[in-house]
Amino acid sequence: MRVIGTVGLPGSGKGEAAAVAREKGIPVVTMGDVIRRECRERGLDPADHHGEVAQALREEDGPLAIAERSLPLIEEGLEESELVLVDGLRSGAEVERFEEAFGEAFTLVAIEAPFDVREERLGTRGRDNPETEDLETRDERELGFGMGEAIERADVTIENTDSLEAFRERIEGLFAGRVER
Ligand SMILES: Nc1ncnc2c1ncn2[C@@H]1O[C@H](COP(=O)(O)OP(=O)(O)OP(=O)(O)O)[C@@H](O)[C@H]1O
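Below is a summary of the structure that appears in this document. Bear in mind that the values here come from a model prediction, so they are computed numbers and not experimental data. (Residues numbered from 1 in each chain as written. Predicted model: local features only at pLDDT ≥ 70, side-chain atom pairs only at ≥ 80, totals over all residues. Heavy atoms only, no water.)

1. Some remarks on the layout of surface pockets
By volume, the largest pocket is sized at about 580 Å³. Along the walls of the largest pocket sit 28 residues, with Gly 32, His 50, Arg 90, Arg 138 and Glu 142 positioned nearest its centre. Listed by contribution, the elements that provide at least two residues to the lining of the largest pocket are helix H1 (14-23), helix H2 (31-41), helix H3 (46-61) and helix H7 (135-144). Broken down by element, the residue count for the lining of the largest pocket peaks at 5 residues, all from H3. (1 Å grid on protein atoms, 1.4 Å probe; cavity = no way out; pocket = protein on both sides within 12 Å on 5 of 7 lines; lining within 4 Å. Points joined across faces, edges and corners; volume = space filled by probe spheres on them. Helix = DSSP H or I, 4+ residues; strand = E, 2+ residues; numbered from the N terminus.)

Here's what the structure looks like:
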């Protein structure tokens, strides 16, 4: 049994890592899915209420609200697969919860890329476009949830500064157990 969790700022490459997992038939549990499901249960459209519901969940049930709801989904994945990927942890508290649940079987991977690279990949030249939240604001919001602490606790750090192909190979190696801790 192995559970690999990813953490990284917006545009770092978490979605690509999840895409590699899906291609390999590895179940992916995303914290975003948990929030979308909660939106539907509250009769709200996830497209408009995602951030609001994420915050409401934390206010109602504390900082572990989303991690706790993802645990049964991870357990389900482990019934059919030796390895499950958890996409997008957000805080040190969540990391601790997964370490408690899965012990040594849990590996946290930080995906890192500099601000400018992430901005270019996301195609958001924030200040030029008032319609979308700029990357600086997104970074601040994520760091406000405690993501910096989660990144610091990572067992493995992958720099996603090279080509997409190189990154995908690195991720495949990680899934195959070829990346040392
Ligand atoms: N090494 C790379 N080279 C080129 N493009 C990349 C690379 N890594 C990721 N990308 C592209 O950059 C964009 C952002 O990556 P991705 O969606 O994986 O980030 P993310 O960490 O999931 O971001 P978010 O938190 O916003 O969901 C995607 O279009 C992805 O295909």
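Moving on, there is more to tell.
2. Digging into the nonpolar core
Ile 74, Phe 98, Phe 102 and Phe 106 are the most contacted members of the largest nonpolar core, which has 32 residues in total. Where this core is concerned, the elements lending two or more residues are strand S1 (2-7), H2, H3, helix H4 (65-80), strand S3 (83-87), helix H5 (92-102), strand S4 (106-112) and helix H8 (147-152). Among the elements that take part in this core, H4 stands out by supplying 7 residues, more than any other. Ignoring sequence-local partners within four residues, the contact set of Ile 74 consists of Val 3, Val 29, Val 84, Val 86, Phe 98 and Phe 102. Listed in part, the 17 residues of the second largest apolar core include Ala 18, Val 20, Phe 167 and Ile 171. (Core = buried A, V, L, I, M, F, W, Y, C linked by side-chain atoms within 4.5 Å. Buried < 20%, exposed > 50% of the residue type's maximum accessible area, 1.4 Å probe, protein only. Contact = heavy atoms within 4.5 Å.)

3. Quick look at the sheet that holds S3
Overall, parallel pairing links the 5 strands, which are arranged S2-S3-S1-S4-S5 in an open sheet. Among the strands making up the open sheet, the edge pair consists of strand S2 (28-30) and strand S5 (156-159). With strand direction ignored, the average angle separating the axes of adjacent strands in the sheet is 25°. Note that S1 and S4 share 5 bridges and pair parallel. (Pairing = 2+ DSSP bridges. Axes fitted to C-alpha atoms, helices over the stretch in contact; angles between N-to-C directions.)

None of the figures reported here should be taken as evidence of function without further support.
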